[in-house]
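Structure assessment
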Amino acid sequence: MQNFKTIAALRAFQKSCKDKSETLALVPTMGALHDGHLSLVKLAQQKADHVIVSIFVNPTQFAPHEDFDAYPRVEDADAAKLAPLGIAGLFTPRVAEMYPEGFACNLSITSALTNCLCGAARPSHFDGVAIIVSKLLLQSRADIAVFGEKDWQQLQVIRRVNADLNIDCEIIGAPICRDGESGLALSSRNAYLSDAERKSAGQLNVILAAFAGDIRAGRDIDAAQSEAKDKISAAGFGQIDYLECRTAQSLERVTIFNPKQACRVFVAAKIGSARLIDNMAV
Ligand code: AMP
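Residues numbered from 1 in each chain as written. Predicted model: local features only at pLDDT ≥ 70, side-chain atom pairs only at ≥ 80, totals over all residues. Heavy atoms only, no water.

**Some points on the domain arrangement of the protein chain**
Quick reminder of the rule: Domain ranges listed in this record stem from an automatic or a database domain assignment. In this description, buried area is defined as the sum, over both parts, of the accessible area (probe of 1.4 Å) that is lost when the two are combined. Think of a salt bridge as a Lys or Arg side-chain nitrogen and an Asp or Glu carboxyl oxygen that are within 4 Å of each other. Counting of polar contacts relies on pairs of N or O atoms within 3.5 Å, with two restrictions inside protein: one atom must be capable of donating a hydrogen and the other of accepting it, and residues adjacent in sequence are counted only when both atoms are side-chain atoms. Where helices and strands are cited, they refer to DSSP runs of H or I of at least four residues and of E of at least two residues respectively, numbered from the N terminus. Just so you know the grouping, Ala, Val, Leu, Ile, Met, Phe, Trp, Tyr, Cys and Pro go in nonpolar, Asp, Glu, Lys and Arg go in charged, and all remaining residues, Gly too, go in polar.
If you check the domain split of the protein chain, you get domain 1 (2-174) and domain 2 (188-276). Distance from the C-alpha centre of domain 1 to the C-alpha centre of domain 2: 26 Å. Taken together, the two surfaces of domain 1 and domain 2 that pack against each other cover about 1,400 Å², and 59% of this comes from carbon and sulfur. Where domain 1 meets domain 2, there are 1 salt bridge. For Arg189, the salt bridge goes to Asp67, with nearest N and O atoms at 2.9 Å. Inspection of the domain 1/domain 2 interface yields 5 residue pairs in polar contact (both at pLDDT 80 or more). Elements represented by at least two residues in the side of domain 1 that touches domain 2 include exactly α5 (117-121) and α7 (152-164). Taken together, the residues of the side of domain 1 that touches domain 2 break down into 11 nonpolar, 5 polar and 2 charged.

Shown next, in the form of structure tokens:
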């Protein structure tokens, strides 16, 4: 497994693939890898001849008060988890490689996709995601890139950016990987949880599934939402950024359930210092 540190080295590898008419898949991550990330890698391996995993904690998607400095950085452990999978390489650029002095470009996503959910709770977050993902796709010239449905809104934003900028990469969504016992969606931020918090956190997906079930059963969405929020608070969560039902692709608010329209429930809530997100189909 090679470790590419520069865009030039990554490009040289991509060119060698292209020269042999072999396909390349990219799996972008911020590291602190868990089984969720590894499931993306395995899916990428089924879809392309070679897989590169990028590890880059992207400063532009964090607000000043967020956890950029505290975000876990464990590159050696990440490399050890990836080594048995037999991927072609890692791409681990430094910040100065991605944002060299004088960097002045901004990518602003103004759409119904970004003014809700995490876009409302974290203004400018998706602009940072859009610029870094565009850069990674253009740098790697990957044929395919795999992203997790855990970040469902992010996946829709990336599909939009990829289409709008004609990047011409096939974007593939991978199902959410959950803890086998509790059903808690795996996340690098779960590392922030104490044992007691982790136990409470395991209730989030259960409450979300019950909310989805209520909607499916035709219950009044506002009433079901308020009941689910009470349950989240009772489970030990603090601030609830959102708990909502929205259409799956355009992310419009659903007030009356229509079984013919694909929709999902979304939640973001804080427990201790961790902000957890989850979503599922109704
Ligand atoms: P992150 O390192 O958190 O930026 O995540 C990198 C990629 O892994 C993103 O496409 C995430 O959606 C995906 N991902 C993170 N957690 C999970 C999970 N539990 N299941 C599936 N994909 C995930």
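**Considerations on the site of the ligand**
Put simply, the test is: Nearness is judged by heavy atoms alone; a residue qualifies as near a molecule or strand once a single heavy atom is within 4 Å of it. All accessible areas in this document rest on Shrake-Rupley with a 1.4 Å probe, and a residue is counted as covered only by the protein chains that are shown.
Taken together, 16 residues form the shell around the ligand, and within it Met30, Gly148, Asp151, Cys177 and Leu186 come nearest. One of the backbone N or O atoms of Leu186 is found 2.8 Å from a nitrogen atom in the ligand. Expressed as a share of its isolated accessible area of 480 Å², the protein-covered part of the ligand is 93%. It is helix α2 (residues 35-47) that provides the largest number of residues to the shell around the ligand, a total of 3 residues. Partitioning the shell around the ligand into residue classes produces 9 nonpolar, 5 polar and 2 charged.

**Some thoughts on the sheet that holds strand β8 (residues 263-271)**
Spelled out, the test is: The criterion for strand pairing is that DSSP finds at least two bridges linking the strands in question. Axis angles are defined between N-to-C directions and span 0 to 180 degrees, where every axis is a line fitted to C-alpha atoms and, for a helix, only to the segment in contact. Here a residue-residue contact requires only that any non-hydrogen atoms of the pair lie within 4.5 Å.
Pairing in this open sheet of 3 strands is antiparallel, and the strands run β7-β8-β9 from one edge to the other. Looking at which strands have only one partner, the edges of the open sheet turn out to be β7 (240-247) and β9 (274-281). Each strand axis lies, on average, 10° off the axis of its neighbour in the sheet, ignoring direction. Where helix α9 (residues 204-216) meets the sheet, it contacts β7, β8 and β9, and its direction lies at approximately 35° from that of β9.

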